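Fold and contact review
As a plain string of letters, each chain reads:
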Amino acid sequence: MEQKSLAGKVAFITGAARGQGRSHAVELARRGARILAMDICEDVDSVPYSLASRSDLDQTVAEVEAVGGEIVAVQGDVRETADVAAAVDKCVEAFGVPDIVIANAGVNLQRGSEPDAQVAFMDTIMINLVGVWNTVHAIAPLMVERDQGGSIVLISSTNGLSGRGGDGSGAVTGYTASKHGVVGIMRSFMNWLAPYGIRVNSIHPAGVPTPMVAHPEMQAWFAGNPNAQWMGNAMPVAMLDPLDISRAVLYLVEESGRNITGVTLPVDAGFTGK
Ligand SMILES: NC(=O)c1ccc[n+]([C@@H]2O[C@H](COP(=O)([O-])OP(=O)(O)OC[C@H]3O[C@@H](n4cnc5c(N)ncnc54)[C@H](O)[C@@H]3O)[C@@H](O)[C@H]2O)c1
């Protein structure tokens with residue numbers, strides 16, 4: 001019998017149609033949280049792999065329901081404040097103000113050959129940085145007004161703590177800048193929200209074998225980048241499992257994290273410490 005440590009809690013998760021976001025949705029639901037899952041469910045021109053589809057989001061719904069969870073799924077783009085507001089409204093209507101926010105939606109445009117560096121840089125910043133800000137900026141005031149605390153987790157990357165792998169491309173620079181920027185959002189919001197008992201932390205995963213990295217253009221980037229040989233983890237762990245990241249999310253949002261805020265938590269098999 002699973003312990004329902006998050007019974008009565010509401011979690012708002014972006015990028016939840018597949019990959020790590022789906023894992024977070026299922027693991028939080030397993031512990032009793034009700035889930036608002038938001039995902040773009042369509043492709044973005046500059047991204048060299050397919051983003052999630054509506055059927056991926058439906059699969060998240062099925063997996064959450066299979067563990068006995070309640071979920072509302074909303075298609076929307078984190079770059080669009082109107083989309084985020086509509087998803088937040090749906091969440092409040094169905095379940096109430098979120099107790100937990102997991103800002104997880106992101107893209108990585110690394111590829112063998114880049115058609116337009118500035119577009120790659122800007123699109124990455126818009127989704128990975130502005131999208132995170134749009135999400136927490138829409139929800140945090142509601143959490144403050146409700147005055148019952150909460151936990152916000154921003155999914156950054158080892159690229160949010162290190163510039164390793166930099167090659168001058170718009171994609172890699174944009175990814176690294178956006179993921180460092182997420183730390184700035186986390187630290188700034190942490191100071192604003194701490195007096196209200198709302199905690200804000202960031203998680204920094206090393207490579208996880210999701211569709212973001214398991215595609216031919218990423219392999220072409222590795223093949224063409226002389227720095228790629230330095231990209232391995234310190235531990236003999238080639239890739240992390242999405243569940244590794246979900247467990248870190250749980251550590252931060254559950255009772256275990258009740259006095260933890262403002263922390264950049266690597267889940268990276270030693271990558272950042274090398
Ligand atoms: N996979 C890795 O190696 C790795 C490593 C470190 C950090 N991360 C970060 O983890 C997070 C989750 O990535 P993942 O590995 O699960 O990849 P993924 O591509 O499987 O999942 C990302 C999800 O975000 C959604 N998304 C993308 N743009 C969006 C937008 N504008 N609005 C709403 N949803 C959008 C996608 O449709 C997809 O479902 C990302 O922030 C990523 O940068 C990934």
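Residues numbered from 1 in each chain as written. Predicted model: local features only at pLDDT ≥ 70, side-chain atom pairs only at ≥ 80, totals over all residues. Heavy atoms only, no water.

An unreviewed UniProt entry annotates the protein chain as Mycofactocin-coupled SDR family oxidoreductase of Dietzia aerolata. Reading the Sequence similarities (unreviewed entry) entry of the UniProt record for the protein chain gives the comment "Belongs to the short-chain dehydrogenases/reductases (SDR) family." (UniProt positions renumbered as here; feature names shortened; annotations may be inferred.)

Side note on the packing of aromatic side chains
Going through the model one piece at a time under the given rule, you end up with two aromatic pairs. Consider the rings of Phe-189 and Trp-192, whose centres lie 5.5 Å apart with planes at 70 degrees: the pair is edge-to-face. Of the two residues, Phe-189 and Trp-192 are both situated in helix H5 (residues 170-193); the distance of three residues between them amounts to about one turn of the helix. When the ring of Trp-221 is compared with that of Phe-222, the centres are 5.1 Å apart and the planes differ by 80 degrees; the resulting orientation is edge-to-face. Taking the relative accessible area as the measure of exposure, Trp-221 reaches 4% and is therefore buried. A residue is classified by how much of its surface remains accessible, and Phe-222, at 35% relative accessible area, is partly exposed. For Arg-164, the ring lying beneath its charged end belongs to Phe-271, and the centroid distance is 4.5 Å. (Phe/Tyr/Trp six-rings, centres within 6.5 Å; stacked < 30°, edge-to-face > 60°. Helix = DSSP H or I, 4+ residues; strand = E, 2+ residues; numbered from the N terminus. Buried < 20%, exposed > 50% of the residue type's maximum accessible area, 1.4 Å probe, protein only. Lys NZ or Arg CZ within 6 Å of the ring centre and 35° of its normal.)

Considerations on the site of the ligand
In the region of the ligand, 29 residues are neighbours, and Asp-39, Asn-104, Tyr-175, Val-208 and Thr-210 sit closest. The separation between an oxygen atom of the ligand and a polar side-chain atom of Arg-18 is 2.8 Å. Here an oxygen atom of the ligand sits 2.9 Å away from a polar atom, N or O, in the side chain of Lys-179. In the complex, 99% of the free accessible area of the ligand, which totals 820 Å², lies under the protein chains. Taken atom by atom, the bulk of the ligand overlaps the largest pocket. Secondary structure elements with two or more residues in the shell around the ligand: helix H1 (19-30) and H5. Taken together, the residues of the shell around the ligand break down into 15 nonpolar, ten polar and four charged. (Near = heavy atom within 4 Å. Polar contact = N/O pair within 3.5 Å; in protein donor to acceptor, adjacent residues only side chain to side chain. Areas by Shrake-Rupley, 256 points an atom, 1.4 Å probe, with all protein chains shown as cover. 1 Å grid on protein atoms, 1.4 Å probe; cavity = no way out; pocket = protein on both sides within 12 Å on 5 of 7 lines; lining within 4 Å. Sits in = over half its atoms within 2 Å of the grid points. Nonpolar A, V, L, I, M, F, W, Y, C, P; charged D, E, K, R; others polar.)

Topic: the pairing of strand S5 (residues 150-155)
Among the six residues of S5, six are classified as buried, and the element is accordingly described as predominantly covered. Bridge count between strand S4 (residues 100-103) and S5: four bridges; the pairing is parallel. Bridge assignment links Ala-103 to a residue of S5, and that residue is Leu-154. Handedness of the crossover joining S4 and S5 through helix H4 (residues 117-146) is recorded here as right-handed. Bridge count for S5 against strand S6 (residues 198-205) is six bridges, and the pairing is parallel. Bridge pairing in S6 links Val-153 to Asn-201. Following the chain from S5 across H5 to the adjacent parallel S6, one finds a crossover that is right-handed. (Pairing = 2+ DSSP bridges. Right-handed = clockwise from strand over helix to strand, strands pointing away.)

Thoughts on the packing of H1 against helix H2 (residues 54-66)
It is at 9 Å that the axes of H1 and H2 come closest, and there the two elements cross at 20 degrees. Considering the angle they form, H1 stands roughly parallel to H2. The hand of the H1/H2 crossing is right-handed. Along the contact surface, H1 presents Arg-22, Ala-25, Val-26 and Ala-29, while H2 presents Asp-56, Gln-59, Thr-60, Glu-63 and Val-64. Across the contact of H1 with H2, the residue classes break down as four nonpolar, two polar and three charged. (Axes fitted to C-alpha atoms, helices over the stretch in contact; angles between N-to-C directions. Parallel < 35°, antiparallel > 145°, perpendicular 65-115°, else oblique. Left-handed = near helix turned anticlockwise from the far one by under 90°. Contact = heavy atoms within 4.5 Å.)

Concerning the side chain of Glu-254
Topologically, Glu-254 is positioned in the loop between helix H7 (242-253) and strand S7 (264-267). Overall, the relative accessible area of 19% leaves Glu-254 in the buried class. A distance of 2.4 Å separates polar atoms of two side chains, one belonging to Glu-254 and the other to Ser-5.

Thoughts on the sheet that holds strand S1 (residues 10-14)
Here seven strands make up an open sheet; going across it, the order is S3-S2-S1-S4-S5-S6-S7 and the pairing parallel. Each edge of the open sheet is held by one strand with a lone partner, namely strand S3 (71-75) and S7. On average, each strand axis in the sheet is tilted by 15 degrees relative to the strand beside it, whichever way the strands run. Packing against the sheet, helix H3 (residues 81-94) makes contact with S1, strand S2 (34-39) and S3, and its axis sits at approximately 165 degrees to S2.

Quick word on the nonpolar core
If you look at the biggest cluster of nonpolar residues, it comprises 51 residues, and the most contacted ones within it are Phe-12, Leu-36, Ile-152, Leu-154, Leu-193 and Val-200. With residues near it in sequence (within four places) discarded, Leu-36 still touches Ala-11, Phe-12, Ile-13, Val-72, Val-74, Ala-87, Lys-90, Cys-91 and Phe-95. Counting residues in hydrophobic clusters, the runner-up holds 37 residues, among them Ala-17, Ala-25, Ala-206 and Ile-245. (Core = buried A, V, L, I, M, F, W, Y, C linked by side-chain atoms within 4.5 Å.)

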